[in-house]
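# Overview (structure and organization)
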Amino acid sequence: MPEYSFAHVADPELKQDLRAGAVDDRAGLAKRLAQIAEFDCRRLYLPEYPSMYQFCMRELKYSEDAACRRIAAAKLARRYPALFVAIADGRHSLSTTLMLEPYLLPETAGELIESSSDKSKSELAHFLAGRFPRPDLPTIVQPVFVPAPTPEPASALVVASESASPELPAPARVGPIDRPISTPAVVPPSPRPRVAPLSPERYAIQVTVSKATHDKLRQAQALLSHVLPAGDVAEVLDRALDVLILQLEKRKFGATTRPGRPRDSKAPRHIPAHVKRAVRARDGDRCTFKDDQGRRCNERKFLEFDHIDPVARGGQATISGLRLRCRAHNQYEAERVYGREFMRQKRQAAAEARSQSASVRPRVSTTNGTSSRPTSGTAPTQNSTCSSVSSAAAPRLARLPTRIGPIAATRRPAL
Ligand SMILES: [Zn+2]
């Protein structure tokens, strides 16, 4: 299928064609929605199909989800035609269009569509939460039904659950109950976690966790019962995250409130903790890459320490010799210096070495009966120009002691 191979196309041409194609896609989507709206209004799906939904799936070959979303967006844009234009010129996507639905009114639609333009789904969620704040939702921890029996039944950890009805707030409760109390009778075994802003500074988090995680939550609540008698899940989560962040920042960036004396190392890739701290503070926890127009990369995840002069060419692990780069830009820079094929081989060799290392590492038992690999020997990924600060495995939360007597006696929080 040569028309689906672009291996022969030069980089600038491929870039230009892809951009032009995206423009065509947006214009095509707006036109398709307008056609769906008109087709639906005239009920032209009859008599072959009983509904527009069936027509979209069987005749137009849309998936169930695509059919629902397009029909909903088409109806909405028919009521507010400014949406067709906003979709066609890329100010709104299909997703952000649908997010606006509950908030559009004839007298304010034009202004809202305009002021909410050019936002990602996450940005629009924050924008709408600020403009239309909602009350906090009740805290619920409950078991969920799964379609098939599993060795370890899942539990739902819901902190201000979205699925709970804000009109009929259930009392905050924590603990297993006999029957589900949220709207859906059957919940998929692994639903996607949801984090949604409710109002400024307030967020709803919904996530399904294993029984082991649920038991840890209960244990943490018990250990914190002297300071949090109600076992407020949001407060327990906040304290647990404090501990986790402290551990991760120490591991990745050498963060500490009591810096020790710098230690010398002969390893050329070793980056002293005080250098990590200084580079991190200077670069502001963010990738430092800038494009041709001087726009700085926004990425704050997968950050790595990048040697400005590669180690193989004499680069030093000093504050002025290092910078923060996201993994994608670090690899881009490495490929620019060493060549794409060379870096591909290096990455492949590193992956194989990690795989071999993992296969010979002994498994250890944990207190909950499961087994896991020890994490203390997990070396950070390294390529030829950087020392990674993105550990492949996040550390587990500090395991709580099985004896709680001393903690209760001192009346101090366990976390
Ligand atoms: Zn970047």
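Okay, so let's go over this structure. (Residues numbered from 1 in each chain as written. Predicted model: local features only at pLDDT ≥ 70, side-chain atom pairs only at ≥ 80, totals over all residues.)

### Side note on the nonpolar core
Heads up, the condition is: The nonpolar core is taken to be a set of buried Ala, Val, Leu, Ile, Met, Phe, Trp, Tyr and Cys residues joined by way of C-beta atoms within 7 Å. Residue burial is a threshold on neighbouring C-beta atoms within 10 Å of the residue's own C-beta, all placed from the backbone, with 20 or more meaning buried, 12 or fewer meaning exposed, and counts in between meaning partly exposed. Numbering of helices and strands runs from the N terminus, with a helix taken as a DSSP run of H or I at least four residues long and a strand as a DSSP run of E at least two residues long. Working definition of a contact: two residues with C-beta atoms, positioned from the backbone, lying within 7 Å.
Counting 18 residues, the largest nonpolar core has Leu33, Ile71, Ala74, Ala77, Leu83, Phe84 and Ile87 as the members making the most contacts within it. Looking at this core, the elements that each hand over two or more residues are helix 1 (11–42), helix 2 (52–59), helix 3 (64–79) and helix 4 (82–88). Considering each element in turn, this core owes the most residues, five residues, to helix 3. Apart from the residues lying within four places of it in its own chain, the contact partners of Ile87 are Arg26, Leu29, Ala30, Leu33, His92 and Thr97. Formed by 10 residues, the second largest nonpolar core is a distinct cluster that contains Val275, Cys287, Leu324 and Cys326.

### Topic: the pairing of strand 5 (residues 202–209)
Our working rule: Paired strands, as defined in this entry, are two strands with at least two bridges between them according to DSSP.
Pairing analysis gives five bridges linking strand 4 (residues 194–199) to strand 5, with the strands arranged antiparallel. Following the sheet pairing, Ser199 is matched in strand 5 by Arg202. Taken together, strand 4 and the strand that follows it, strand 5, pair antiparallel across an intervening segment of two residues, in which Glu201 is found at a positive phi of about 70°.

### With respect to the environment of Val207
When you line up the elements, Val207 lands in strand 5. In this structure Val207 comes out as partly exposed when scored by C-beta crowding, with 15 C-beta atoms within 10 Å. Note: C-alpha distance between Val207 and Val195 (12 residues apart in sequence) is 8.6 Å.

### Regarding the packing of helix 2 against helix 3
Selection criterion: The convention used is that axes are lines fitted to C-alpha atoms, helices contributing only their stretch in contact, and that angles between N-to-C directions extend from 0 to 180 degrees. Note on angle classes: values under 35 degrees are labelled roughly parallel, values over 145 roughly antiparallel, values of 65 to 115 roughly perpendicular, and the remainder oblique. Crossing handedness is defined as follows: a turn of the near helix away from the far one that is anticlockwise and smaller than a right angle gives a left-handed crossing, while the clockwise case is right-handed. Charged residues are taken to be Asp, Glu, Lys and Arg, nonpolar residues to be Ala, Val, Leu, Ile, Met, Phe, Trp, Tyr, Cys and Pro, and polar residues to be all remaining types, Gly included.
Two elements in contact, helix 2 and helix 3, have axes whose closest approach is 9 Å; the angle formed by their N-to-C orientations is 135°. By the angle class used here, helix 2 and helix 3 are oblique. Crossing geometry of helix 2 relative to helix 3 is assigned as right-handed. Counted together, Met52, Tyr53, Cys56 and Met57 of helix 2 and Glu64, Ala67, Cys68, Arg70 and Ile71 of helix 3 form the full contact between these two elements. Residues belonging to the contact of helix 2 with helix 3 are distributed by class as follows: seven nonpolar, no polar and two charged.

### Some points on the packing of helix 1 against helix 3
Following both chains from N to C, one finds helix 1 and helix 3 inclined at 85°, their axes separated by 8 Å at the closest point. Taken as axis vectors, helix 1 and helix 3 run roughly perpendicular relative to one another. For the pair helix 1 and helix 3, contact is made by Leu33, Ile36, Ala37 and Asp40 and by Arg70, Ile71, Ala73, Ala74, Lys75, Ala77 and Arg78, respectively. Taken together, the residues of the contact of helix 1 with helix 3 sort by class into seven nonpolar, no polar and four charged.

### Quick word on helix 3
Note the cut-off: What a helix is expected to span follows from its residue count: subtract one and scale by 1.5 Å.
Look at helix 3: 23 Å from first C-alpha to last across 16 residues, which is about the 22 Å you get at 1.5 Å a residue. Those residues of helix 3 that are buried lie in contact with helix 1, helix 2, helix 4 and helix 5 (94–100).

### Details of unusual backbone geometry
Of note, the bond from Leu46 into Pro47 is cis; its omega dihedral lies within 30 degrees of zero at 5°. In this structure, Pro47 sits in the loop between helix 1 and helix 2. Phi is positive for Asp118, which is not a glycine, with a value near 55°. Position of Asp118 relative to the elements: it lies in the loop between helix 6 (109–115) and helix 7 (121–131). Judged by the 11 C-beta atoms lying within 10 Å of it, Asp118 falls in the exposed class.

### Some words on the environment of Pro197
The residue Pro197 is located in strand 4 in this model. Counting along the chain gives 70 residues from Pro197 to Phe127, while the straight-line C-alpha distance between them is 9.1 Å. Ignoring sequence-local partners within four residues, the contact set of Pro197 consists of Ala125, His126, Ala129 and Tyr203.

Read these as layout, nothing more, since geometry by itself doesn't imply function.
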